[in-house]
Amino acid sequence: MSKNPDCIVFDDAAITRGDHVIWQHGTFSIPYGSVTAIVGTNGAGKTTMMKAELGLLPLSHGSVTVLGKPAGQANKRIGYVPQSYVSNVDSNLTAEQSVLLGLTGTRFGIHLVTREERDKARQAMEFTGIADKAQYRLSELSGGLRQRVAIAQALVSDPQLLMLDEPLANLDLASQRAAVHVLARLNKELGMTIQVVAHDLNMLLPIMTGAVYLLDGHPHYADMGKVLDSDLLTHLYGTQVQVVTTPQGDMFVTPTPDEPDTQMQDMHTATEVAQMHHHDHGSLHDRTAVDASAAGKDGK
Ligand SMILES: Nc1ncnc2c1ncn2[C@@H]1O[C@H](COP(=O)(O)OP(=O)(O)OP(=O)(O)O)[C@@H](O)[C@H]1O
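As the structure is a computational prediction, the values presented were derived from the model and not from experiment. (Residues numbered from 1 in each chain as written. Predicted model: local features only at pLDDT ≥ 70, side-chain atom pairs only at ≥ 80, totals over all residues. Heavy atoms only, no water.)

On to the site of the ligand, then. As a matter of local geometry, the ligand sits amid 13 residues, with Gly 43, Gly 45, Lys 46, Thr 47 and Thr 48 nearest to it. Asn 42 places a polar side-chain atom, nitrogen or oxygen, 3.1 Å from an oxygen atom of the ligand. Note that an oxygen atom of the ligand is positioned 3.2 Å from one of the backbone N or O atoms of Ala 44. In the complex, 61% of the free accessible area of the ligand, which totals 640 Å², lies under the protein chains. Here the element with the most residues in the shell around the ligand is helix H1 (residues 46–53); it accounts for 3 residues. Broken down by class, the residue content of the shell around the ligand amounts to 2 nonpolar, 8 polar and 3 charged. (Near = heavy atom within 4 Å. Polar contact = N/O pair within 3.5 Å; in protein donor to acceptor, adjacent residues only side chain to side chain. Areas by Shrake-Rupley, 256 points an atom, 1.4 Å probe, with all protein chains shown as cover. Helix = DSSP H or I, 4+ residues; strand = E, 2+ residues; numbered from the N terminus. Nonpolar A, V, L, I, M, F, W, Y, C, P; charged D, E, K, R; others polar.)

Pasting the structure below:
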């Protein structure tokens, strides 16, 4: 296992909550150095997937290996920015205190912060461009700056893998750009493997190397060429989607014009979609109650 060149390896993994199968038959590998989006409609199990990778939720079948260890055993080498971190965090803390939590965890307040820890926090804040805000309380910072505090907190322990759950949600365009720029530098300059849950792929397209898409209750990994398939995305989002490439080479995923996106239903059969993305587990018998939540809902 430890010799595997891949950062994350799913082997016939499944998650069940109560008697509801969230997803199953997850068999794929994500390489080191990748930037991967986890995409799927609301409730498809994206957050569940990150929690499974962190060993926070038990699998009902199969295995998940992360950084060469069973899920949960390499968490010290993973930085995690949970969903809604920005609104849930104690806003009385200063930016620096929040970042230090990434090193000291629950020891904060009892434990004396060392000079080395303070230096690490400063480096992480410099990387995310918030060093000048170190002494500001979170309540005094905008959502975009808070998100960069959250990223700095996840980075401060020098993780090999950074996982962020909807880091761009509720940020304005400039703040989204700033956050994506930080992720791009972490990937390119530090070689960090990055995984991001995202509803809107557009901001991430320039840095993405692939995606895990949760389709019909099955997670799949595909590299960029395969992810940006209009038919596949249309099925994934349950609404007509097209991939547009501008003359400058920029790509966008957009609802198809002149068709009301609230009305359109995907017209692909499961067999067609299976052919598009090479279901290797194959049959329609796999379809579960998950289909109802995965299909026909807009991902926004
Ligand atoms: N604590 C829980 N107990 C039981 N079921 C849960 C629990 N948390 C989530 N679920 C169910 O698991 C499924 C997947 O939830 P998850 O939050 O992973 O989806 P998601 O793809 O991240 O959704 P969203 O886009 O809305 O954030 C949902 O059907 C949800 O109802």
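Here the focus is the pattern of salt bridges. One pass over the full model with this rule turns up 4 salt bridges. Across the salt bridge formed by Glu 96 and Arg 118, the nearest N and O atoms sit 3.3 Å from each other. Of the two residues, Glu 96 is situated in helix H3 (residues 95–104) and Arg 118 in helix H4 (residues 115–127); the sequence distance between them amounts to 22 residues. Among the residues examined, Glu 96 registers a relative accessible area of 9% and is labelled buried. With a shortest N-O distance of 2.9 Å, Glu 189 and Arg 185 are connected by a salt bridge. Of this pair, Glu 189 and Arg 185 both sit in helix H6 (residues 173–190), 4 residues apart, which is roughly one turn of the helix. For Arg 185, a relative accessible area of 26% corresponds to the partly exposed category. (Salt bridge = Lys/Arg side-chain N within 4 Å of Asp/Glu carboxyl O. Buried < 20%, exposed > 50% of the residue type's maximum accessible area, 1.4 Å probe, protein only.)

Quick look at the environment of Gln 153 now. Looking at the element boundaries, Gln 153 is found in helix H5 (residues 143–155). When the C-alpha positions of Gln 153 and Ala 124 are compared, they lie 7.5 Å apart, and in sequence the two are 29 residues distant.

Across the sheet, which stays open at both edges, the 6 strands sit in the order S6-S7-S8-S3-S9-S10 with mixed pairing between neighbours. Since the sheet does not close on itself, it has two edges, and those belong to strand S6 (78–81) and strand S10 (218–223), each with one partner. Pairs of neighbouring strands in the sheet enclose a mean axial angle of 15°, with direction left out of account. As judged from the 6 bridges shared by strand S9 (residues 210–215) and S10, these two strands associate in the antiparallel manner. By the bridge assignment for S10, Ala 211 is matched with Ala 222. (Pairing = 2+ DSSP bridges. Axes fitted to C-alpha atoms, helices over the stretch in contact; angles between N-to-C directions.)

The first and last C-alpha atoms of H4 sit 18 Å apart over 13 residues, in line with the 18 Å expected at 1.5 Å per residue. Among all positions in H4, only Glu 117, Ala 121, Ala 124, Met 125 and Phe 127 are buried. With its buried residues spanning 160° around the axis, H4 presents them on a single face. Residues of H4 that are exposed and point over 90 degrees away from its buried face: Arg 115 and Glu 116. Positive phi shows up at Gly 129, right after H4, with a value of about 75°. (Expected span 1.5 Å × (residues − 1). Arc of directions from axis to C-beta.)

Bringing the environment of Leu 141 into the picture now. One can find Leu 141 in the loop between H4 and H5. In sequence terms Leu 141 and Ser 91 are 50 residues apart; their C-alpha atoms lie 9.2 Å from each other. Every residue in contact with Leu 141, bar those within four places of it in the chain, is listed here: Ala 95, Lys 133, Tyr 136, Arg 146 and Val 149. (Contact = heavy atoms within 4.5 Å.)

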